[in-house]
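Report on the structure
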Amino acid sequence: MDQARRERNTSILEWFDALLFALTLVLVVLLLVVRTVNVDGVSMVPTLQDGEQLIVRGIFYTPKYGDIVVVDGYTNYGEPIVKRVIGMGGDLVDINFETGDVIVNGTILNEPYISDLTTRKFDVEFPLVVPEGTLFLLGDNRPYSKDSRHSEIGCIDERDILGEVIFRILPISAFGTVE
């Protein structure tokens, strides 16, 4: 009888260890590999809507042009912000506020994702050379986005990037990848 009880207890402990390991692995993945972030505001309309919940891939992420990224809320920017990568360190960014064209390194960007032309100017002067180690970010809803055109945000240190938005999980009606 004691042998049967020991085997049962050992089996229960093995299952408990396996469950604990699996939960720990899931937590590590969620904390290091992906995170969830809520969209707060209209700066990324029409691509993202206020209140949507997103999955962000952070570990081993290297920013690329056109990526939608989340800036860490623990920085002096306040809450986490969601914007699109337009320029990287060393790039020359210019904006023609009359035509609404955004020009990076002499090339006018094709931006089918924006809500309206980039005609709203803040206090950052253009043309602008993006400092090394930083990113120039713009929201897709250019008339209503406080982004790198504003000195309060400016160019964002790459270390402040939580990661790239890869998936929308809420609302269910908009479930899927984000481009």
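So, here is what we can say about the structure in this document. For every chain, the first residue of its written sequence is number 1, and the numbers climb from 1 along that sequence. Per-residue local features of the predicted model are confined to residues with pLDDT of at least 70, and side-chain atom pairs are confined, for both listing and counting, to 80 or more; whole-chain, interface and lining totals are unaffected and use all residues. To get the side-chain values, take all heavy atoms of the structure and skip hydrogens and water.

**Points about the sheet that holds strand E5 (residues 92–96)**
If you trace the four strands from one edge of the open sheet to the other, you get E7-E6-E5-E8, paired in antiparallel fashion. Every interior strand has two partners, whereas the edge strands, strand E7 (107–108) and strand E8 (128–129), have only one. Between any two strands, pairing holds if DSSP finds at least two bridges. Every helix listed is a DSSP run of H or I at least four residues long, and every strand listed is a run of E at least two residues long, numbered separately from the N terminus. Pairing of strand E6 (residues 101–104) with E7, which is carried by two bridges, proceeds in the antiparallel orientation. Within E7, the position partnered with Val104 by the bridge is Thr107.

**Thoughts on the nonpolar core**
One finds Ile86, Val93, Ile95, Val102, Phe126 and Phe136 to be the most contacted residues of the largest nonpolar core, which totals 14 residues. Sorting the residues of this core by element identifies E5, E6 and strand E9 (134–138) as the ones contributing at least two each. In contact with Ile95, other than residues within four places in its own chain, are Asp101, Val102, Thr118, Phe126, Phe136 and Arg149. In plain words, nonpolar cores are sets of buried Ala, Val, Leu, Ile, Met, Phe, Trp, Tyr and Cys residues tied together by side-chain atoms within 4.5 Å. Here the term buried applies to any residue with accessible area under 20% of the maximum for its type, exposed to any over 50%, and partly exposed to those in between, with areas from a 1.4 Å probe on protein chains only. The next biggest cluster of nonpolar side chains, apart from the first, holds twelve residues, and it includes Leu48, Ile68, Leu162 and Val165. Should any heavy atoms of two residues lie within 4.5 Å, those residues are considered in contact.

**So, the environment of Glu125**
Structurally, Glu125 can be placed in the loop between E7 and E8. Residue Glu125 is classed as exposed on the basis of its relative accessible area, which comes to 56%. Once the C-alpha coordinates of Glu125 and Asp94 are considered, the two residues, 31 residues apart in sequence, prove to be 8.9 Å apart.

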